[in-house]
Amino acid sequence: MKHLSKTLAAAAGLTALLSSAAFAAQVERVRGTIDKAEGSTLTIKTEDGKSETVDVGGAKFAWVVPSSLDAIKDGVFIGTATKGENPMTALEVVLFPESMRGTGEGHYGWDTITDQTGGAGSKVKSAMTNGTVKAETANAPKVKSAMTNGTVKADKAASGGERTLTVSYGKDGSKEIVVPASAPIVAFEPADKAILAPGSKVFAVVAKDGAKAEGKLVAVGKDGLTPPM
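Residues numbered from 1 in each chain as written. Predicted model: local features only at pLDDT ≥ 70, side-chain atom pairs only at ≥ 80, totals over all residues. Heavy atoms only, no water.

1. Considerations on the nonpolar core
And then number 1: By size, the foremost hydrophobic cluster in this structure holds 21 residues, and its most contacted members are Val 64, Val 94, Phe 96, Phe 188, Phe 203 and Met 229.
And then number 2: Among the elements that line this core, the one with the most residues is strand β13 (residues 201–209), at three residues.
And then number 3: Those residues in contact with Val 64 that sit more than four places away from it in its chain are Val 186, Ala 187, Phe 188, Ala 219, Val 220, Gly 221, Lys 222, Leu 225, Pro 227, Pro 228 and Met 229.
And then number 4: Counting 17 residues, the second largest nonpolar core, distinct from the first, contains Val 30, Ala 59, Ala 191 and Val 202. (Core = buried A, V, L, I, M, F, W, Y, C linked by side-chain atoms within 4.5 Å. Buried < 20%, exposed > 50% of the residue type's maximum accessible area, 1.4 Å probe, protein only. Helix = DSSP H or I, 4+ residues; strand = E, 2+ residues; numbered from the N terminus. Contact = heavy atoms within 4.5 Å.)

Right, here's the structure in full:
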């Protein structure tokens, strides 16, 4: 029971963290590889080759684990970075545990991430949409990106293994998103500081104040996985 309480508390902390629009406006998202972890200090070698030292004493932690299109069922809460418009095309999809339902609900700008859907690995600008998924079919052109988190409602498979989801958020907002078969699909699992192993791929939400960098969320790819968000 003690372990369960800690897990639920960690999940609740992640929910509060990611759903704060005010907080999102003050942070940077750091992507790279863990160089070392000593005490409350985490050193990340970023994708552009720099070294970022982060205080993770107050951070929340999560594993990033593989998932699949089949796991995106009616009623599931998801997050997805997308590119393009009318409809948007998913660059990746994150499935949230039930304890994180409602996280970051809405539609807002994200940042530049790697497009793994076409094989070239080019960087594209994205946006974030968090909401409840409702599903329909459609084909989508590949363009710009966005992030969508929401609850899934029945969807149908399109040609080539694509699936089209309608993600609703707030009272009246919604976005139609095509998920290609090539889009990475992952899930968050609440964890603790023990996941900080050198060499692991990491995605971190970091608040900066001058030279001080404070980690708020640290998501580590399990078994060599690179967090796609």
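2. Some thoughts on the side chain of Arg 31
And then number 1: By the element assignment, Arg 31 lies in strand β1 (residues 27–38).
And then number 2: For Arg 31, a relative accessible area of 12% gives the class buried.
And then number 3: Of the polar contacts made by the side chain of Arg 31, one reaches the side chain of Asp 111; its length is 2.9 Å.
And then number 4: Apart from residues no more than four positions distant in its own chain, Arg 31 is found in contact with Thr 46, Glu 47, Trp 110, Asp 111, Thr 112, Ile 113, Val 202, Phe 203 and Met 229. (Polar contact = N/O pair within 3.5 Å; in protein donor to acceptor, adjacent residues only side chain to side chain.)

3. Here's the deal with the pairing of strand β6 (residues 88–95)
And then number 1: In terms of burial, β6 is largely enclosed, as eight of its eight residues are buried.
And then number 2: Summarising the sheet, strand β5 (residues 77–83) and β6 pair through six bridges and their orientation is antiparallel. Bridge assignment links Gly 79 to a residue of β6, and that residue is Val 94.
And then number 3: The hairpin formed by β5 and β6 contains four residues between the paired strands, and Gly 84 there has a positive phi angle of roughly 90°.
And then number 4: Note that β6 and strand β11 (residues 173–179) share two bridges and pair parallel. When the sheet's bridge partners are listed, Thr 89 is paired in β11 with Val 178.
And then number 5: Where β6 lies against strand β12 (residues 185–191), three bridges are found, and the strand directions are parallel. Across the sheet, residue Val 93 finds its bridge partner in β12, namely Ile 185. (Pairing = 2+ DSSP bridges.)

4. Focus: the side chain of Thr 117
And then number 1: Secondary-structure assignment places Thr 117 in the loop between β7 (106–114) and β8 (123–136).
And then number 2: A polar contact is formed between the side chain of Thr 117 and the side chain of Lys 83, at a distance of 3.4 Å.

5. Quick look at the environment of Glu 47
And then number 1: Within the element layout of this structure, Glu 47 appears in the loop between β2 (41–46) and β3 (51–55).
And then number 2: For Glu 47, the contacting residues outside a window of four places in its chain are Arg 31, Gly 32 and Lys 123.
And then number 3: In terms of polar contacts, Glu 47 uses its side chain to reach the side chain of Lys 123, at 2.9 Å.

6. Considering the packing of aromatic side chains
And then number 1: Tallied over the entire structure, the rule returns three aromatic pairs.
And then number 2: Connected via pairs of aromatic rings, a cluster forms that spans Phe 77, Phe 96 and Phe 188.
And then number 3: In this arrangement the basic side chain of Arg 29 is found over the ring face of Trp 110, its NZ or CZ atom lying 3.7 Å from the centre. (Phe/Tyr/Trp six-rings, centres within 6.5 Å; stacked < 30°, edge-to-face > 60°. Lys NZ or Arg CZ within 6 Å of the ring centre and 35° of its normal.)

7. Quick notes on the pairing of β2
And then number 1: Pairing analysis gives six bridges linking β1 to β2, with the strands arranged antiparallel. Within the sheet, the bridge partner assigned to Ala 37 lies in β2 and is Leu 42.
And then number 2: Adjacent in sequence and paired antiparallel, β1 and β2 are bridged by two residues, among which Gly 39 carries a positive phi angle near 60°.
And then number 3: Where β2 lies against β3, five bridges are found, and the strand directions are antiparallel. Residue Leu 42 lies in a different strand from β3, and its bridge partner there is Val 54.
And then number 4: The turn linking β2 back onto β3 is made up of four residues, and Gly 49 within it adopts a positive phi angle of 90°.

8. Observations concerning the pattern of salt bridges
And then number 1: Going through the model one piece at a time under the given rule, you end up with eight salt bridges.
And then number 2: Salt-bridge contacts for Asp 111 lead to Arg 29; the nearest nitrogen and oxygen are separated by 3.1 Å. Of this pair, Asp 111 sits in strand β7 while Arg 29 sits in strand β1; the two residues are 82 residues apart in sequence, bridging distant segments of the chain.
And then number 3: Overall, Asp 111 belongs to the buried group, its relative accessible area being 18%.
And then number 4: Salt bridges sharing common partners tie together Glu 28, Glu 52 and Lys 208. (Salt bridge = Lys/Arg side-chain N within 4 Å of Asp/Glu carboxyl O.)

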